[in-house]
Amino acid sequence: MAAPEGPLVVGVDSSTQSTKALVVDAATGEVVARGQAPHTVSPEHESDPEQWWQALRQALEQCGPAVHRAAAVSVGGQQHGLVTLDGRGRPVRPALLWNDVRSAPQRDRLVAELGGPKAWAERFGSVPAASFTVTKWQWLRENEPEAAAAVKAVRLPHDYLTERLSGQGATDRGDASGTGWWSTADQAYDQEILGKVGLSPELLPRVLGHGEAAGTVRPQEGLPLPQGTLVATGTGDNMAAALGLGLRPGRPVLSLGTSGTVYAVSTRRPADPTGTVAGFADARTDWLPLACTLNCTLAVDRVAALFGLDREAVEPGGGVTVLPFLDGERTPNLPYASGTLTGLRHDTGAGQILQATYDGAVYALLAALDLVLDEDAEPDAPILLIGGGAKGTAWRETVRRLSGRPVVVPRAQELVALGAAAQAAALVLGEDAAAVARRWSTAEGPSYEAVERDEEALTRLAATLSDADTLLRRH
């Protein structure tokens, strides 16, 4: 490998299942070294934050000597998770993760008591789903009051790791905008909602601006990063991926992973009162309207496993419809839902049911696409398809068939870690993080032409979702 042209930086992706670390040449975007270590998640969608820290250390160790030369580090982390710490900075209990929807009753009450969906959207940019941090905190207060009383600091997953690295309680506007207690209208913590849920703002991290550093790496045993390495603010995983792609306003992205997500950068602050679109801030100074589903690749893989099929063993036709809401659903907002299958006949094949599951997973995301994109966006702009599912032919072809748009699959992998690395590089180089990523050509990859939209499948899915509404809301 040739000698790096610029300083080395580290980008971290602390996701639901694992922590990845990349050592990247800040000048070229070349990945010099990488490491990865797993996390354990309970059936209740909880995870011990201490294991995230141990996984980060292991991933950095795997990067070898290159990590000792890092000039800056940034962490991109799973959004919404509630990390509760005691006075010594230790977890009070396992973190409640984004896909834990036990707080659905608390969510319903909070929305009603603070003026309804429209008021929430106007103040916070989003109508909170049961995944939002504020609903988890309220659930904790009601169900585990002794644990809530012991809390001396509240963090998001990426905040926790940033603080372990630097010793500073800091976050960024992007991840903060997914809590439900940071107002996008005021770009500050909202005192009314904090008072409502009994959370002192002194327990929350400072929200730093674009281009600010959280601090520097403090000396710690077993941490291979050199003392004094700059620590960027970090951000949420979706914001980091947007940075990693160097997104310009109006370019649609569909991410296929544990969650399915569609988003685009916008210069206009979003405020969707229907709750379909979350009006997040991005990691810079713009906005990141986003729609997210809880059931994506894992739901499809579960259905494939039920039939003993490979995930690519799809068959066309059959007229069957699947709404794969196996863990409740966020878009559409159906936290009590379970999966439904209709149209089953004697001649229906297992591969057709699998294809219908793909269709159901993709449909909800594409239905929200027009709401995510503002009027300045080009209606035929290619969709950037990312995430683990983007590698699969069945996922790609389903997106093409149901969207009617061209699709580009970026060659760059590990976009959350790359986006974090771009943020770290921007800190060192004094540049804009998205411009750094564009220089790295991270969004380039194979392009697939548009095909005619499958209007029959879209109509069938829309009708099934409408007809099953009462059943899907039952709890």
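All figures in this text were calculated on a predicted structure; none of them were measured in a lab.

## A short note on the UniProt feature "domain: Carbohydrate kinase FGGY C-terminal" (unreviewed entry) in the chain
The residues that UniProt annotates with the feature "domain: Carbohydrate kinase FGGY C-terminal" (unreviewed entry) are residues 310–426. Annotated as 38% helix and 10% strand, the span residues 310–426 places its first and last C-alpha atoms 42 Å apart.

## A few points about the layout of surface pockets
Quantified by volume, the largest pocket comes out at close to 1100 Å³. In terms of lining residues, the largest pocket is bounded by 46 residues, among which Ser255, Gly257, Thr258, Gly387 and Gly388 are the most central. Contributions of two or more residues to the lining of the largest pocket are made by strand 2 (18–25), helix 9 (237–245), strand 17 (260–263), strand 19 (287–293), helix 10 (297–306), strand 22 (383–386) and helix 14 (415–429). Its residues assigned to classes, the lining of the largest pocket shows 16 nonpolar, 20 polar and 10 charged.

## Quick notes on the domain arrangement of the chain
Partitioning the chain into structural domains gives domain 1 (8–238) and domain 2 (246–413 + 443–473). Between the C-alpha centres of domain 1 and domain 2 the distance comes to 26 Å. Of the residues lining the interface, 33 residues belong to domain 1; the matching set on domain 2 comes to 29 residues. The largest per-residue losses of area from domain 1 upon contact with domain 2 belong to Trp98, Arg173 and Asn238, which jointly make up 26% of the total buried on that side. The tally of links between domain 1 and domain 2 comes to one salt bridge. Arginine 173 is the salt-bridge partner of aspartate 282, the closest N and O atoms lying 3.2 Å from each other. At the level of elements, helix 2 (104–113), helix 3 (116–124) and helix 7 (173–176) are the ones that each hand at least two residues to the side of domain 1 that touches domain 2. No other element matches the six residues that helix 3 contributes to the side of domain 1 that touches domain 2.

So, how was this worked out
Residues numbered from 1 in each chain as written. Predicted model: local features only at pLDDT ≥ 70, side-chain atom pairs only at ≥ 80, totals over all residues. Heavy atoms only, no water. UniProt positions renumbered as here; feature names shortened; annotations may be inferred. Helix = DSSP H or I, 4+ residues; strand = E, 2+ residues; numbered from the N terminus. 1 Å grid on protein atoms, 1.4 Å probe; cavity = no way out; pocket = protein on both sides within 12 Å on 5 of 7 lines; lining within 4 Å. Points joined across faces, edges and corners; volume = space filled by probe spheres on them. Nonpolar A, V, L, I, M, F, W, Y, C, P; charged D, E, K, R; others polar. Domains from an automatic or database assignment. Contact = heavy atoms within 4.5 Å. Buried area = accessible area lost by both parts, 1.4 Å probe. Salt bridge = Lys/Arg side-chain N within 4 Å of Asp/Glu carboxyl O.

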